[in-house]
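# Coordinate analysis (summary)
These are the residues of each chain, in order.
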Amino acid sequence: LLGQGILEPLKYTRALLRLGSDADPYLASMRASLMAFHDAIRFGSSDGLALSAPHGVAVLAACVRAAACVGASREKPAAPELQPAGEPRAGEVVVTGGTGFVGRRVVRDLLAMGKPVTKKVRDPGRVPAAVRDSERIVVGDAGDPTALDAVCRGADAVIHLATCAGDDPTEAMPAAAVALREACRTAGVRRLVFASSTAAINMGGGEVVRDPCAADPSLELRPPYAQGKILAERELLQDAGAKELVILRPGVVIGPDGNPQHTGVGLWPRDNHCLGWSRGKSPLPLILVEDCGKAFALAVDAKDAAGKSYNLAGDVQFTAREYVRELAQVTGRPLRFH
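Remember, it's a predicted structure, so these values are computed and weren't measured experimentally. (Residues numbered from 1 in each chain as written. Predicted model: local features only at pLDDT ≥ 70, side-chain atom pairs only at ≥ 80, totals over all residues. Heavy atoms only, no water.)

## Some details on the sheet that holds strand S12 (residues 336-337)
Condition: Any two strands with at least two DSSP bridges between them are considered paired. Only DSSP runs of H or I covering at least 4 residues are called helices, and only runs of E covering at least 2 are called strands; the numbering of each starts at the N terminus.
Sheet architecture is open: 3 strands sit in the order S8-S9-S12, paired in mixed fashion. Of all the strands in the sheet, the pair left with one neighbour each is strand S8 (266-270) and S12. Alignment of strand S9 (residues 273-276) against S12, held across 2 bridges, turns out to be parallel. If you follow His273 over to S12, its bridge partner there is Arg336.

This is the structure in structure tokens:
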């Protein structure tokens, strides 16, 4: 930091005085194209630049034709037709966020266990065409009390995976938890399985985190997402609405169709550069999405799980540096950790 603090003013001064060339090729190319554009206007020399309105229209027309070739449209596609949700069946398990990264695995595992499943989805367009007529689906927002009352009616258990972060997670997440609590109480739900996150616990103390452990009490020191999860846990621990509550806190969930640039590893300002939250030398609580989905499915009936919280992590725990290095080797891309 000290070196950068000294170097950056020098680099800024050099750029201001136009001494030397730009080290950043993106900045250099943008500057050159802008200068060429204004030179063409000032001196009437186009240098191959198309500056007339007809040229602009032609460029836009080419873009529209290119989009049409790949089936893109300006119109938002109509929501697919879904069969009306029938009456809940015996042992119905409701999954909010059932079309998400983890939710798809949870639904698959529940069905393999012989459980009747109701998916509560916000966007019907994300429901695969192959299951639209075979699964019980209710459309609505996971933070909407009316939608939650409708989906929880007759349910035996609810798995709440929907993030419900909203514009402000510190308000939206606990509010959604309260709405879910009331819906579970009204419906007489036996068990509520709540998806929290390892972001809700303090992993910065240098000690091994073991089950059981409580959420981090230092709320004001945590970022908004972590605060939202902590506050939601507090609401449900006071009163879950359901007869039994199980809290699962997945770590850094990774899998084949997930985003390899996971924010649990670091901040990715570009897809090949990762800025670590720390020096990147501590083991990460990685968990495969298949294992995470199975944990949520099994939590519906696990007798000893009632009233407990579990932190979900696998047995392969790369550091952030190791994760980026492995990812670079597998993908063949020049990924860098900073």
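## Looking at the pairing of S9
Here S8 runs beside S9; their pairing, made up of 3 bridges, is antiparallel. Bridge assignment links Leu267 to a residue of S9, and that residue is Leu275. The loop that links S8 with its antiparallel partner S9 comprises 2 residues.

## Some words on the environment of Val324
The criterion, for reference: Note on contacts: a residue pair is in contact if any heavy atoms of the two residues lie within 4.5 Å.
Along the polypeptide, Val324 turns up in helix H9 (residues 320-331). For the pair Val324 and Gly205, spaced 119 residues apart in the sequence, the C-alpha separation amounts to 24 Å. Aside from chain neighbours lying at most four places away, what touches Val324 is Val265, Trp268, Cys274, Leu335, Arg336 and Phe337.

## Some details on the side chain of Ser309
Here is the rule we go by: Type-normalised accessible area, obtained with a 1.4 Å probe on protein chains alone, sets the label of each residue: buried when under 20%, exposed when over 50%, and partly exposed for intermediate values.
With respect to the helices and strands, the residue Ser309 is situated in strand S11 (residues 309-312). The buried category is assigned to Ser309, whose relative accessible area is 15%. Apart from residues no more than four positions distant in its own chain, Ser309 is found in contact with Asp211, Cys213, Ile247 and Arg249.

## Comments concerning helix H6 (residues 169-187)
Stated formally: Here, expected helix span is obtained from the residue count minus one, scaled by 1.5 Å.
For H6, built from 19 residues, the straight-helix expectation of 27 Å at 1.5 Å per residue is met to within 8% by its first-to-last C-alpha distance of 26 Å. Turning to H6, the residues buried within the fold contact helix H5 (145-152), strand S4 (157-160), strand S5 (191-195) and helix H7 (224-238). Count one or two residues on from H6 and you reach Gly188, which has phi positive near 70°.

## Details of the sheet that holds S11
Note the cut-off: Fitting a line to C-alpha atoms yields each axis, with helices limited to the stretch in contact; the angle taken between N-to-C directions then spans 0 to 180 degrees.
Reading across from one edge, S3-S2-S1-S4-S5-S6-S11 is the order of the 7 strands in this open sheet, with parallel pairing throughout. Pairing within the sheet leaves two strands with one partner each, and these edge strands are strand S3 (136-139) and S11. Within this sheet the neighbouring strands show an average axis-to-axis angle of 20°, counted without direction. Pairing geometry for strand S1 (residues 93-96) and S4, over 4 bridges, is parallel. When the sheet's bridge partners are listed, Val94 is paired in S4 with Val158.

## Points about the side chain of Thr99
With respect to the helices and strands, Thr99 occurs in the loop between S1 and helix H4 (103-112). In this structure Thr99 comes out as buried when scored by relative accessible area, which is 11%. Leave out the neighbours within four places in its chain, and Thr99 touches Arg104, Lys119, Val121, Arg126 and Val127.

## Observations concerning the pattern of salt bridges
Going by this rule: We define a salt bridge as a contact between a side-chain nitrogen of Lys or Arg and a carboxyl oxygen of Asp or Glu at a distance within 4 Å.
Counted under the stated rule, the structure contains 21 salt bridges. Among the ionic pairs, Glu87 bridges to Arg153, the shortest N-O distance being 3.3 Å. One end of the pair, Glu87, is in the loop between helix H3 (53-69) and S1; the other, Arg153, is in the loop between H5 and S4, and 66 residues separate them in sequence. A relative accessible area of 43% places Arg153 in the partly exposed class.

## Things to note about the state of the cysteines
Put simply, the rule is: Note on terminology: disulfide denotes any pair of cysteine sulfur atoms within 2.5 Å.
Applying the stated criterion across every chain yields a total of 0 disulfides. Left without a disulfide partner, Cys69 is nearest to the cysteine sulfur of Cys63, which lies 12 Å away. Residue Cys69 is classed as exposed on the basis of its relative accessible area, which comes to 70%. Unpaired in terms of disulfides, Cys152 finds its nearest cysteine sulfur in Cys184, a separation of 4.7 Å.

## With respect to the environment of Leu180
Examined against the element boundaries, Leu180 turns out to sit in helix H6. Take Leu180: its relative accessible area is 0%, and that puts it in the buried class. Every residue in contact with Leu180, bar those within four places of it in the chain, is listed here: Leu148, Cys152, Val158, His160 and Leu192.

## Here we look at the pairing of strand S6 (residues 244-250)
Going by this rule: Here, the term right-handed applies to a crossover whose path from the first strand over the helix to the second runs clockwise when the strands point away from the viewer.
Within S6, 6 of the 7 residues are buried, which leaves it mostly tucked inside the rest of the structure. Alignment of S5 against S6, held across 5 bridges, turns out to be parallel. Bridge pairing in S6 links Ala195 to Leu248. Handedness of the crossover joining S5 and S6 through H7 is recorded here as right-handed. Where S6 and S11 come together, 4 bridges link them in parallel fashion. In the sheet register, Leu248 faces S11, and the bridge partner there is Tyr310.

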